[in-house]
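Each chain is listed here by its residues.
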Amino acid sequence: MRLLQAPASVYVTSQCSKSQSKGGNFLERRILQSAINESLFSRRIVRQRFCVKRRTVNPVSATAASLEADASSLLTIEAENDVLKALSQIIDPDFGTDIVSCGFVKDLHVDDASGEVSFRLELTTPACPVKDMFEQKANEVVSALPWVKNVKVTMSAQPAKQIYASQLPAGLQTISNIIAVSSCKGGVGKSTVAVNLAYTLAGMGARVGIFDADVYGPSLPTMVSPENRLLEMNPEKKTIIPTEYMGVKMVSFGFAGQGRAIMRGPMVSGVINQLLTTTEWGELDYLVIDMPPGTGDIQLTLCQVVPLTAAVIVTTPQKLAFIDVAKGVRMFSKLKVPCVAVVENMCHFDADGKRFYPFGRGSGAQVVEQFGIPHLFDLPIRPTLSASGDSGIPEVVADPQGEVADIFQNLGVCVVQQCAKIRQQVSTAVMYDKSIKAIKVKVPDSNEEFLLHPATVRRNDRSAQSVDEWTGDQKLQYGDVPEDIEPEEIRPMGNYAVSITWPDGFSQIAPYDQLQTMERLVDVPQTVSAQAR
């Protein structure tokens, strides 16, 4: 039986009514209020009491009917609060916050008379590794409520969409996460990792695409075997239709009927840009980009054209591999692309009950230690892994229960969790709190949170509209910005900045690095609610 906690003011009113008149509608209202406030019975009992009084006193007025409706509404709200309180016990391991605060609970419907509860859990990705745990725990905690008789939980995922979709080419606006798989060195198994990671994510329930960015030596046509091995063009939209293999969409210069390119760097950058941005990718949860070796023109073009969510670094145990990989990690660091995992390929093999390391040890661990990358995965030397790269069937598809597939499963879980964290951090890094009229800043990968005055942020704009590019003189003067200015909209821009729209129509790009150097608010005005207390 559920207890209903009524507001104190209503409770006092019902107590005072006991010494007053006991006739007509007045008595009916007091009886109904008393039933609500004391909360000793369910809605069914409240209605029974009301009906008994209706037979013994004056006919029910419109006011009494309205009170009954209010009672029903109060009880429904209380029942919903019971459910939400129960669900708030479930903590998302990635965000460290309960699923109610994360906004996962949707379409909550409660029928407390019959004890039926239904709701939907909308997760950030269909590949969420703990979705089964969420569903099971949600059933358990809600079923534990004494008045609940039946629980219906529906699982879903948020629509695929970039956080800053309006700033991107149309083909990339419905891709949630773009993952770069990079080594900055050839021959370390980067394409093998990219393809097997993509099919692992697809096996977890995600919508996935692969983009082979190596125009000089595309690997994708060898590693997969789609029926249609040529890209098609949509003549009306002038867009590229990707080919597919086992549900994963793919684009490679090798599928363009050209084989391998013989062209200069600027031309290659243009080809990659066209292939990537004019493809009809549709809704994807993850687009895996198989990056070409190096840290030159092509790599920089890719990092600037597309908003990379994260990068996975592939290396081998040799010291020479570490030197090249270190260059790539530094490149991603400058471009504010977080590296979330290191895969050390061709690490070891087992024979005669012993483990052998033919190429030495420590390259992957050195990358993790020196650059603070959180996760390291060791891939063994396996003839089947090499053979699958030549057969057109990825290893995780050919042997889904094998050791290699298990390693890639762990890598897939890592990528999903880290991408979810990054998206959450980016979407809430800079926000405007209207109640205190201050901009809240919490830069990703930092525990520090601080406040900035909107006028301070506007006055510190360093664009050509505010500062003369030739002389460095300040064109925007202090008095040009009103002290009470407020931003109209704040949108993320990649992992490094936000775009702030001001009332005069000006759109300011504010990098995180710049925000961290601005004068901060110390004396923050109290909110209205705090002043009331």
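Residues numbered from 1 in each chain as written. Predicted model: local features only at pLDDT ≥ 70, side-chain atom pairs only at ≥ 80, totals over all residues. Heavy atoms only, no water.

Turning next to the environment of T309. Position of T309 relative to the elements: it lies in the loop between α9 (297–305) and β13 (310–315). Each C-alpha atom, one on T309 and one on C339, is 9.3 Å from the other, the two residues being 30 residues apart in sequence. Aside from chain neighbours lying at most four places away, what touches T309 is S176, N177, I178, I179, P338, C419, I422 and N495. (Helix = DSSP H or I, 4+ residues; strand = E, 2+ residues; numbered from the N terminus. Contact = heavy atoms within 4.5 Å.)

The biggest cluster of nonpolar side chains holds 106 residues, and the ones touching the most others in it are F211, I289, F332 and L515. For this core, the element with the most residues is helix α14 (residues 403–427), which contributes 11 residues. Sequence-distant contacts of L515, that is, excluding residues within four places in its chain, are made with V430, V441, F450, L452, V457, V498 and A510. Counting 26 residues, the second largest nonpolar core, distinct from the first, contains L87, F95, V105 and A138. (Core = buried A, V, L, I, M, F, W, Y, C linked by side-chain atoms within 4.5 Å. Buried < 20%, exposed > 50% of the residue type's maximum accessible area, 1.4 Å probe, protein only.)

Estimates place the volume of the largest pocket at around 640 Å³. Together, 26 residues line the largest pocket, and V337, P338, C339, P444 and D445 are the ones closest to its centre. Of all the secondary structure elements, the ones that give two or more residues to the lining of the largest pocket are α10 (319–334), β14 (339–344), α14 and α16 (512–515). At five residues, the largest contribution of residues to the lining of the largest pocket is made by α14. For the lining of the largest pocket, a count of residues per class yields 15 nonpolar, six polar and five charged. When its volume is computed, the second largest pocket comes out at roughly 500 Å³. Around the second largest pocket sit 27 residues that line it, and G187, V188, G189, K190 and T192 are the ones nearest its centre. Of all the elements, helix α12 (residues 383–391) adds the most residues to the lining of the second largest pocket, at five residues. For the lining of the second largest pocket, a count of residues per class yields eight nonpolar, 12 polar and seven charged. (1 Å grid on protein atoms, 1.4 Å probe; cavity = no way out; pocket = protein on both sides within 12 Å on 5 of 7 lines; lining within 4 Å. Points joined across faces, edges and corners; volume = space filled by probe spheres on them. Nonpolar A, V, L, I, M, F, W, Y, C, P; charged D, E, K, R; others polar.)

In this structure, V110 sits in strand β3 (residues 105–111). Classification of V110 by relative accessible area gives buried; the value is 6%. Residues V110 and V148 lie 38 residues apart in sequence; the distance between their C-alpha atoms is 9.4 Å. Not counting the four nearest positions on each side in its chain, V110 is found in contact with T76, A79, E80, V83, E116, V117 and W147.

Turning our eyes to something else, we now look at the pairing of strand β23 (residues 507–511). On β23, burial follows the alternation: Q508 and A510 on one face are buried, whereas S507, I509 and P511 on the facing-out side are not. Taken together, strand β22 (residues 497–501) and the strand that follows it, β23, pair antiparallel across an intervening segment of five residues, in which G505 is found at a positive phi of about 90°. (Pairing = 2+ DSSP bridges.)

This paragraph deals with α12. Those residues of α12 that sit buried are L385, S388 and G389. Each buried residue of α12 sits inside an arc of 100° when the element is viewed along its axis, so together they form one side. Facing away from the buried side of α12, by more than 90 degrees, are the exposed residues P383 and D390. On its buried face, α12 sits against α6 (190–203), α7 (220–223), α13 (395–398) and α14. (Arc of directions from axis to C-beta.)

What follows concerns the pattern of salt bridges. The tally for this structure, following the rule as stated, stands at 14 salt bridges. K190 serves as the salt-bridge partner of D290, at 2.9 Å between the closest nitrogen and oxygen. Of the two residues, D290 is situated in strand β12 (residues 284–290) and K190 in helix α6; the sequence distance between them amounts to 100 residues. Accessibility expressed as a relative area gives 8% for K190, which makes it buried. Residues R355 and D350 are paired through a salt bridge, measuring 2.8 Å at the closest nitrogen-oxygen approach. For R355, a relative accessible area of 42% translates into the label partly exposed. In this structure D350 comes out as partly exposed when scored by relative accessible area, which is 43%. Salt bridges sharing partners connect three or more residues here, namely D107, R120 and E122. (Salt bridge = Lys/Arg side-chain N within 4 Å of Asp/Glu carboxyl O.)

So, about the confidence of the model for the chain. Parts of the model with low pLDDT should not have their predicted coordinates read in detail. With 82% of its residues at a pLDDT of 70 or more, the chain shows a mean pLDDT of 80. Here residues 527–533 is a poorly scored stretch, pLDDT under 50, and it has three contacts once near neighbours within four places are set aside; other chains count. (pLDDT = per-residue confidence, 0-100.)

If you walk across this open sheet you meet the eight strands as β10-β11-β7-β12-β6-β13-β14-β17, and the pairing is mixed. Here the strands that pair on one side only, and so sit at the sheet edges, are β10 (243–245) and β17 (376–378). When the angles between neighbouring strand axes are averaged without regard to direction, this sheet yields 25°. By the bridge criterion, three bridges tie β10 to strand β11 (residues 248–252) in an arrangement that is antiparallel. Paired with Y245 across the bridge in β11 is V248. Helix α11 (residues 363–371) rests against β13, β14 and β17 of the sheet, and its axis sits at about 165° to β14. (Axes fitted to C-alpha atoms, helices over the stretch in contact; angles between N-to-C directions.)

All right, on to the pairing of strand β6 (residues 175–182) then. A large share of β6 lies buried, amounting to eight of its eight residues. The pairing of β6 with β12 spans six bridges and is classified as parallel. Each bridged residue has a counterpart across the sheet, and for I178 the counterpart in β12 is L287. Bridge analysis of β6 against β13 gives four bridges, and the strand direction is parallel. Within the sheet, the bridge partner assigned to A180 lies in β13 and is A311.

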